[in-house]
Amino acid sequence: MKRAELDRRIANGETLEDIVPALMDDGADITSYDDLKRFAIEKIESDELYLAEHVLKACLDVADYYGYDYSMGTLEKPTAIDGVEDLIDYVED
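What counts as what
- Residues numbered from 1 in each chain as written.
- Predicted model: local features only at pLDDT ≥ 70, side-chain atom pairs only at ≥ 80, totals over all residues.
- Heavy atoms only, no water.
- Helix = DSSP H or I, 4+ residues; strand = E, 2+ residues; numbered from the N terminus.
- Buried < 20%, exposed > 50% of the residue type's maximum accessible area, 1.4 Å probe, protein only.
- Contact = heavy atoms within 4.5 Å.
- Lys, Arg positive; Asp, Glu negative; His and termini not counted.
- Charge placed at Lys NZ, Arg CZ, Asp CG, Glu CD.
- Expected span 1.5 Å × (residues − 1).
- Arc of directions from axis to C-beta.
- Core = buried A, V, L, I, M, F, W, Y, C linked by side-chain atoms within 4.5 Å.
- Phe/Tyr/Trp six-rings, centres within 6.5 Å; stacked < 30°, edge-to-face > 60°.

**Things to note about the overall build of the chain**
In step 1: Helix and strand counts for the chain stand at 4 helices and 3 strands.
In step 2: In sequence order, the secondary structure elements of the chain are arranged as α-α-β-α-α-β-β.
In step 3: Within the chain, buried positions represent 37% of all 93 residues.
In step 4: Taking as baseline every contact in the chain between residues at least 6 positions apart, the subset at least 24 positions apart corresponds to 50%.
In step 5: Side chains of the chain give 9 positive and 25 negative charges; the mean places of these two sets differ by 1 Å.

Shown next, in the form of structure tokens:
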């Protein structure tokens, strides 16, 4: 998604719930709270406790969506996405 489209959607009153699925379909590193929690559970079950703890600590910043690249493991902290203004980092200029 381009920045102009994001700006247009925000101006039209669209919410995170309206915009995030399109960004996720475009391959943005955005994940839902439930998916992040499932990932942590999988890591617990496979004894990757350090990664599970890392993800669960980020979940304490309760949000519906987080920015997180699963391939980065503990090199990147999941970041809560609190509003449409946080989506700017996930669009092209």
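Moving on from the coordinates now.
**A few points about helix α3 (residues 33-45)**
In step 1: Its 13 residues place the ends of α3 18 Å apart at the C-alpha level, agreeing with the 18 Å of an ideal helix rising 1.5 Å per residue.
In step 2: For α3, the set of buried residues is L36, F39, A40 and K43. Axial view of α3: buried residues confined to an arc of 100°, hence all on one face.
In step 3: Against β1 (30-32), α4 (49-59) and β2 (65-67) lie the buried residues of α3.
In step 4: Just downstream of α3 lies D47, where phi reads positive at about 60°.

**Description of unusual backbone geometry**
Residues other than glycine predominantly adopt negative phi, and peptide bonds predominantly adopt the trans conformation.
In step 1: Residues other than glycine seldom take positive phi values, yet D47 does so here, at roughly 60°.
In step 2: Taking the relative accessible area as the measure of exposure, D47 reaches 64% and is therefore exposed.

**Overview of the nonpolar core**
In step 1: In this structure, L16, I19, L23, I30 and L87 are the most contacted members of the largest nonpolar core, which totals 13 residues.
In step 2: In terms of residue count, the dominant contributor to this core is helix α2 (residues 16-25) (4 residues).
In step 3: Setting aside residues no more than four positions away along its own chain, L16 makes contact with P21, Y65, I81, D82, G83, V84 and L87.
In step 4: Core analysis: the second largest hydrophobic core is formed by 10 residues, F39, A40, A63 and Y68 among them.

**Observations concerning the packing of aromatic side chains**
In step 1: All chains considered together, the criterion is met by 4 aromatic pairs.
In step 2: Taking 4.7 Å as the distance between ring centres and 70° as the angle between the ring planes, the aromatic pair formed by F39 and Y70 counts as edge-to-face. Of this pair, F39 sits in helix α3 while Y70 is found in the loop between β2 and β3 (79-81), placing the two residues 31 residues apart along the sequence.
In step 3: Residue classification places Y70 among the partly exposed residues on the basis of a relative accessible area of 31%.

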